[in-house]
Amino acid sequence: MRNHNADWRQLVQRLIKAEMSRRGVKYQDLSDRLAHIGVNQSADNLRNKVNKGILGADLLLQIITVLNVRRIERDDLMDIFADMGVTLPD
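Conventions used here
Residues numbered from 1 in each chain as written. Predicted model: local features only at pLDDT ≥ 70, side-chain atom pairs only at ≥ 80, totals over all residues. Heavy atoms only, no water. Phe/Tyr/Trp six-rings, centres within 6.5 Å; stacked < 30°, edge-to-face > 60°. Helix = DSSP H or I, 4+ residues; strand = E, 2+ residues; numbered from the N terminus. Buried < 20%, exposed > 50% of the residue type's maximum accessible area, 1.4 Å probe, protein only. Core = buried A, V, L, I, M, F, W, Y, C linked by side-chain atoms within 4.5 Å. Contact = heavy atoms within 4.5 Å.

- An unreviewed UniProt entry lists the protein under the name DUF6471 domain-containing protein, from Bowmanella denitrificans.

**Observations concerning the packing of aromatic side chains**
So, step 1. Throughout the structure, instances matching the rule amount to 1 aromatic pair.
So, step 2. Where Trp8 meets Phe81, the ring centres are 4.9 Å apart and the plane angle is 90 degrees; that geometry is what we call edge-to-face. Taken as a pair, Trp8 in helix H1 (residues 4-23) and Phe81 in helix H5 (residues 74-84) lie far apart in primary sequence, 73 residues in all.
So, step 3. Owing to a relative accessible area of 43%, Trp8 belongs among the partly exposed residues under this scheme.
So, step 4. Under the relative-accessibility criterion, Phe81 is labelled buried at 1%.

**Concerning the nonpolar core**
The nonpolar side chains of soluble globular proteins are, as a tendency, buried together.
So, step 1. Counting residues in each nonpolar core, the largest one holds 18 residues, and the members touching the most others are Leu30, Leu34 and Ile63.
So, step 2. Counting residues per element, the ones that place at least two in this core are H1, helix H2 (27-36), helix H3 (43-52) and helix H4 (57-66).
So, step 3. Take this core: its biggest share by element is 4 residues, from H4.
So, step 4. Excluding residues that lie within four positions of it along the chain, Leu34 makes contacts with Val39, Gln41, Leu46, Leu59, Gln62, Ile63 and Val66.
So, step 5. One finds Leu11, Leu15, Leu77 and Met84 within the second-largest nonpolar core, a separate group that totals 7 residues.

What follows is the structure in structure tokens.
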């Protein structure tokens, strides 16, 4: 039986890593950007949270904001799930 929470965590992990990669942002850069908006997270702490895919909604939105992600398309999320071998009902 699949652990669906693990699937969602892996989706978060892949999404953040993809957005960081697109922008050439390393964890220290991400930490610095977050500090600029008053969010204190060390690079190591961010790396651990992202690798586990476990972060609060507030931190997820803060990361998306400082990475200047303009939109996240549902189809992109479905593509990541498909790459993971996960199928969700439409």
